[in-house]
Amino acid sequence: KFRTVKLTNPKIAAAIAEAPTMTDVMQEMGWVPDGDTLVLPPNVRLAHEVHVVGIIDAKDYYKKEAENERRRQVRASKDVDADKDELRRRMELDRQEKQAEGPVTQGSVAKKLGDGPNVMRAGDIGIGKSSGG
């Protein structure tokens, strides 16, 4: 629909300030610079699947990267809790100790624990047994 973009338009200028290589991308798509405008020649047809979807994908990618960078900076700026740091240090020491012991090559063995539980059953006190009568 629009085949001319005025680079002096305030909204376009703001968009270019956010993404300075946008004019290079548009020229790669076939737009031609003409003074302070970009013109799409009549013989150039943009394929929606290739050009528009590619732009949307690139925009999503950079938005996600910016969000990930913001998260990394927030994590880096948080103060490290002394208790957490001590716990992490102990966990690492335990990990190193287990590695030094080597792999487990022998399984556990069942052990007999006495005569079993001390359970009284009903039959032990004569309930449910016939007295012969």
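Residues numbered from 1 in each chain as written. Predicted model: local features only at pLDDT ≥ 70, side-chain atom pairs only at ≥ 80, totals over all residues. Heavy atoms only, no water.

Asks: Requested: an account of the overall build of the protein chain, with residues and values cited.
Replies: Scanning the protein chain from N- to C-terminus turns up four helices and three strands. Expressed as a percentage of its 133 residues, the buried residues of the protein chain come to 8%. Taking as baseline every contact in the protein chain between residues at least 6 positions apart, the subset at least 24 positions apart corresponds to 44%. As displayed, the protein chain has an accessible area near 12300 Å², and 55% of this comes from carbon and sulfur atoms. (Helix = DSSP H or I, 4+ residues; strand = E, 2+ residues; numbered from the N terminus. Buried < 20%, exposed > 50% of the residue type's maximum accessible area, 1.4 Å probe, protein only. Contact = heavy atoms within 4.5 Å. Areas by Shrake-Rupley, 256 points an atom, 1.4 Å probe, with all protein chains shown as cover.)

Asks: Talk me through the layout of surface pockets; I want residue IDs and the actual numbers.
Replies: Computed from the structure, the largest pocket encloses a volume of approximately 730 Å³. Secondary-structure elements contributing two or more residues to the lining of the largest pocket are helix 1 (10–18), helix 2 (22–29) and helix 3 (48–77). The element best represented in the lining of the largest pocket is helix 3, accounting for seven residues. In the lining of the largest pocket, the residues fall into 13 nonpolar, two polar and two charged. (1 Å grid on protein atoms, 1.4 Å probe; cavity = no way out; pocket = protein on both sides within 12 Å on 5 of 7 lines; lining within 4 Å. Points joined across faces, edges and corners; volume = space filled by probe spheres on them. Nonpolar A, V, L, I, M, F, W, Y, C, P; charged D, E, K, R; others polar.)

Asks: Describe a positive patch on the surface, listing the residues and the values that go with them.
Replies: Among the surface-exposed residues, Arg75, Lys78, Lys84 and Arg88 lie close enough to one another that they form a single positively charged patch. Position of Arg88 relative to the elements: it lies in helix 4 (residues 82–101). A residue is classified by how much of its surface remains accessible, and Arg88, at 52% relative accessible area, is exposed. (Patch = residues over 30% accessible without salt bridge, like charges linked within 9 Å, V, L, I, M, F, W, Y side chains within 5 Å. Salt bridge = Lys/Arg side-chain N within 4 Å of Asp/Glu carboxyl O. Lys, Arg positive; Asp, Glu negative; His and termini not counted. Charge placed at Lys NZ, Arg CZ, Asp CG, Glu CD.)

Asks: Describe in detail the pattern of salt bridges, supporting the description with residues and values.
Replies: Counting across every chain of the model gives seven salt bridges. In this structure, the salt-bridge partner of Glu67 is Arg71, at a minimum N-O distance of 3.8 Å. Here Arg71 and Glu67 lie together in helix 3, a separation of four residues that amounts to about one turn. Taking relative accessible area as the criterion, Glu67 reaches 29% and is therefore assigned partly exposed.

Asks: Tell me about the packing of aromatic side chains, residues and numbers included.
Replies: Per the counting criterion, the structure on display carries one aromatic pair. Judged by centre distance (5.1 Å) and plane angle (80°), the ring pair of Tyr61 and Tyr62 falls under edge-to-face. (Phe/Tyr/Trp six-rings, centres within 6.5 Å; stacked < 30°, edge-to-face > 60°.)

Asks: Tell me about the nonpolar core, residues and numbers included.
Replies: As a rule of thumb, soluble globular proteins bury nonpolar side chains together. In terms of nonpolar packing, the biggest core is built from seven residues, these being Val5, Met26, Met29, Trp31, Leu38, Leu40 and Val44. Apart from residues no more than four positions distant in its own chain, Met26 is found in contact with Val5, Trp31 and Leu38. (Core = buried A, V, L, I, M, F, W, Y, C linked by side-chain atoms within 4.5 Å.)

Asks: Got a sec to walk through the sheet that holds strand 2 (residues 32–34)? Specific residues and values, please.
Replies: Overall, antiparallel pairing links the three strands, which are arranged 1-3-2 in an open sheet. In the strand order of this sheet, the two ends are held by strand 1 (4–6) and strand 2, each with one partner. Looking at each pair of strands side by side, their axes are set apart by 25° on average, direction ignored. (Pairing = 2+ DSSP bridges. Axes fitted to C-alpha atoms, helices over the stretch in contact; angles between N-to-C directions.)

It is worth stressing that arrangement in space is one thing and function is another; only the former is reported here.
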